[in-house]
Amino acid sequence: MNRYIDILTARNSFFVSLLLAAVLLTFLAPKAAVNVDEQLHYPHAKKVVNWYFTGGEDISCLETPVTNLKYYGQSVDNYTALINRVFSIDNEFRARHFTGAFFFLILMFFAGLIAYQLTGSFWVSTLTVISMLAMPRLFGQAFGNLKDIPFATGYMAGVYFIIRFIKELPRPKWRTTTWLGFAIAFTISLRAGGLILFAYLGLAVVAYIISKPFYLKHIVSTKLCLVRLLGQGAVIVIIGYFAGLLFWPFALRDVFRNPLESLSMMEHYKVSIRQIFEGELLWSTQLPWYYLPKWILISTPEFIISGFLICIILLTIFWAKPVRIRLSKQLYSELFVFFTLLFPIIYVIIIGSNLYSGVRQMLFVLPLFAVFSSVGIFKLLNSNYRNIVKFPIVILFFILMILPVKHQAETFPADYIYFNSVSGGNKKAWSNYEYDYYFHSIKKSSDYLIELIGDEEITVATNCNLSNYFENVPNIKYQYSRYLERSSEDWDYGLFGVNYIHPFQLKNKTWQSSQIIKTFYHRGNPVAVLLKRSDKNDFNGISEIAEGNMESGEVLIRKAIKTDPKNVWLFVYLAKVYLGQNELEKFDSILKKGFEIHPFYEPLYLLKAQRLFDEKKYGKSLETLDQLIEINPRYKNAARLLKAVKDKLDK
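Within each chain, residues carry numbers counting from 1 in the order of the written sequence. Owing to the predicted nature of the model, reporting of local features is limited to residues with pLDDT of at least 70; listing and counting of side-chain atom pairs is limited to 80 or more, with chain, interface and lining totals taken over all residues. Derived side-chain values reflect all non-hydrogen atoms in the structure, with water molecules and hydrogen atoms excluded from consideration.

A short note on the overall build of the chain
Consideration 1: Counting secondary structure elements, the chain contains 28 helices and seven strands.
Consideration 2: Radius of gyration: over C-alpha atoms. The globule rule applied is 2.2 Å multiplied by the number of residues raised to the 0.38 power. Against the globule reference of 26 Å for 651 residues, the chain gives a C-alpha radius of gyration of 28 Å, in line with a compact fold.
Consideration 3: Referenced to the eigenvectors of the C-alpha coordinate spread, the extents of the chain come out at roughly 90 × 55 × 55 Å.
Consideration 4: A separation of at least 24 residues holds for 72% of the contacts in the chain among residues at least 6 apart in sequence.
Consideration 5: Entry remark: accessible area of the chain is about 28900 Å², with carbon and sulfur atoms responsible for 61%. Under the scheme used here, helices are H or I runs from DSSP no shorter than 4 residues and strands are E runs no shorter than 2 residues, and both carry numbers assigned from the N terminus. By the convention used here, residues are in contact when the closest approach between their heavy atoms is within 4.5 Å. Exposure was quantified through the Shrake-Rupley algorithm and a 1.4 Å probe, taking into account, for residues, occlusion by the shown protein chains and nothing else.

Digging into the side chain of Gln408
Consideration 1: Mapped onto the elements, Gln408 comes out in helix H18 (residues 387-411).
Consideration 2: We define a polar contact as two N or O atoms separated by no more than 3.5 Å, with the added condition that, inside protein, one atom must be a possible hydrogen donor and the other a possible acceptor, whereas residues neighbouring each other in sequence contribute only through side-chain atom pairs. A distance of 2.9 Å separates a polar side-chain atom of Gln408 from the backbone oxygen of Leu133.
Consideration 3: What Gln408 contacts, discounting residues up to four positions off in sequence, is Leu133, Ala134, Met135, Pro136, Phe139 and Asp415.

Here's the deal with the nonpolar core
Consideration 1: Nonpolar cores are built from buried Ala, Val, Leu, Ile, Met, Phe, Trp, Tyr and Cys residues. Side-chain atoms within 4.5 Å join them into one set. Relative accessibility under 20% of the residue-type maximum defines a buried residue, over 50% an exposed one, and the middle range a partly exposed one, all with a 1.4 Å probe and only protein chains included. By size, the foremost hydrophobic cluster in this structure holds 211 residues, and its most contacted members are Phe104, Met108 and Phe143.
Consideration 2: Residues in contact with Met108, not counting those within four places in the same chain, are Phe14, Leu18, Ala21, Leu25, Val129, Met132 and Leu133.

What about a nonpolar patch on the surface?
Consideration 1: For patches, a residue must show more than 30% relative accessible area and have no salt bridge; joins then use 9 Å for like charges and 5 Å for nonpolar side chains, namely Val, Leu, Ile, Met, Phe, Trp and Tyr. A side-chain nitrogen of Lys or Arg and a carboxyl oxygen of Asp or Glu constitute a salt bridge if their distance falls within 4 Å. A grouping of Leu309, Ile313, Ile317, Tyr385, Ile388, Val389 and Ile393 is seen on the molecular surface, where their side chains present a nonpolar patch of about 640 Å² in accessible area.
Consideration 2: Of all elements in the fold, only helix H15 (302-320) and H18 reach the threshold of two or more residues within the nonpolar patch.
Consideration 3: Looking at the secondary structure, you find Ile317 in helix H15.
Consideration 4: When its relative accessible area of 40% is taken as the criterion, Ile317 is described as partly exposed.

So, the packing of helix H3 (residues 75-86) against helix H4 (residues 92-119)
Packed helix pairs are specified by the crossing angle of their axes together with the interaxial distance, meaning the distance between the axes.
Consideration 1: Contact pair H3 / H4: the axes reach a minimum separation of 10 Å and the direction vectors enclose 135 degrees. Judged by the angle between their axes, H3 and H4 are oblique. Note on packing geometry: the crossing formed by H3 with H4 is right-handed. Between H3 and H4, the contacting residues are Val76, Asp77, Thr80 and Asn84 on the first element and Glu92, Ala95, Arg96, Thr99 and Phe103 on the second.
Consideration 2: Note on residue categories: nonpolar means Ala, Val, Leu, Ile, Met, Phe, Trp, Tyr, Cys or Pro, charged means Asp, Glu, Lys or Arg, and polar means any other residue, Gly included. Grouping the constituent residues of the contact of H3 with H4 by class yields three nonpolar, three polar and three charged. For helices, the fitted line uses only the C-alpha atoms of the stretch in contact; every axis is such a line through C-alpha atoms, and the angle between N-to-C directions lies from 0 to 180 degrees. By definition in this entry, angles of less than 35 degrees are roughly parallel, angles greater than 145 are roughly antiparallel, angles of 65 to 115 are roughly perpendicular, and the rest are oblique. By convention the crossing between two helices is left-handed if the near helix lies anticlockwise of the far one by an angle smaller than a right angle, and right-handed if it lies clockwise.

Observations regarding the domain arrangement of the chain
Quite often, the size of an interface is put as the accessible area lost when its parts meet.
Consideration 1: Start and end positions for the domains come from either an automated domain assignment or a database one. Its domain assignment divides the chain into domain 1 (2-411), domain 2 (442-532) and domain 3 (537-648).
Consideration 2: Distance between the C-alpha centres of domain 1 and domain 3: 49 Å.
Consideration 3: Each side of the interface is counted separately: domain 1 has six residues, and domain 3 has five residues.
Consideration 4: Taken together, both faces of the contact between domain 1 and domain 3 bury some 410 Å²; the carbon and sulfur share is 39%.
Consideration 5: In terms of surface lost to domain 3, no three residues of domain 1 exceed Arg274, Trp283 and Gln286, which account for 77% of the buried area on that side.
Consideration 6: If you look at where domain 1 meets domain 3, you find one salt bridge.
Consideration 7: Across the salt bridge formed by Glu602 and Arg274, the nearest N and O atoms sit 2.9 Å from each other.
Consideration 8: The interface formed by domain 1 and domain 3 includes three residue pairs in polar contact (both at pLDDT 80 or more). Throughout, buried area stands for the accessible area (probe radius 1.4 Å) lost by two parts on being put together, summed over both.

Given below as structure tokens:
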């Protein structure tokens, strides 16, 4: 009776934790920031919906040579676009954020169920839910990331139903079979990587049957059992594969070849993005093999790491005992779930996948860290160790949980930017690791700008695609501009995220413009700046130079440099003027000042190499270009001069 009451109470605590999480998510969803990926995937989702509405005539969703978006199933993005279209929802991004919140809730539900399968305790499920809420890198993407969060949901649901399927052998229930098929289908509908769940199921079944020979004998000798299992396998494959393609136009055009092509593309993603990692600015294709493990280590809260280590230690001790060699279904479940955590990490390292933006692309493994962390605390409390050992560790676990929760409360909606004490915290991580790669800081800063200008008609330049913040403000025009090249665009106010700026400039403060009127901070670190143009000498000067009016352009650029002396782009243009006029002393002086501001700036190296080429110093020109390519192997502007230099040297 007491055991029944305990289970009932624990189960209630699990659902209460989910209910409280739902309330929290509902409250925060309208306040969440739009991220740059939403402005990429959501317009594509609209094109996908239109492909269906036009009966396949509008093929714009299949023409994505730059973004490669046709390779994404992105079903949840597509569903939200469909809902917004059918019901004419005005605030489309708010609807998306509520959708993201819903799938995060389902993600916690399945994570909790997996925790229950591993321990038989809903208290562990409750702790898993609480732990996931206190993981900034996970919870911070609950609203706007409609690819990785739903994919994690499908992944966890697939793992859960595979566990159920194995535990129900040799006669799994048809209900479990059907739900497993739909879990796999949902995961595939988001990314082709969901196909891995088929492999997991096959491996799990084969490994378990091999470990239990009498099961194999029973299945083979019992015709009805064998036919049932084969039928269930067919149902899982049919539902899991084909239902997963229903809202994916590219896959539907060739249901066998295109999903596999998508999987291959995802494993070796061709698009390379520049990232700050360990204080260096690198292309994602240059990042070292330990990029992912390092990011997991530095961005996972300390309480999760400590609970996970406790779990590993206790499980290792348990598995090492000879008396435990016999493989029970419980132990098998623990090993299987542990495999689903480690395998994806090891796999992407082995094949050298193109990873970027921290742990975002592997977000689906983070809930399993929360599961094993909670399991670790549960096993410690139920161990034979003395209370004087157990309770201080458990108390420390919950004390450490306060750190990320405090961070989240203080930094929402940019709470996903979290670094633990292993990395030295957010203060040390800034300028050493990619920080606000989603540009969440633009939300609060854009609200500030809108309030600041009132009814004034302005053009605002930003270095991201988040024009949505100004769509309902008719007196604001949006203009995209890279931060360092901002002088080439016509704008009145500039709202720039502190992104894609070289660590040297960040550390030495040579990136800061004298036109900054407000800096927005995150845990003491600049994440966005608001600039106000006092004049347009820089823009007008560059325009004059572009039209061939070198003298007037030079005058305007010199005036602009006095106003904004750290604007390295102005030094590039002034150096171009002097190089064109063959005033080499002035060229050298300006180039030197430019290098003092940004010693790794590619256009300066290109100008230096051009001068050496003009002087017929082809060897030195090539040396300079080699330096440039070492800094940025993908700098396409150097291709023409590099070819010309090599042609001269080959003669």
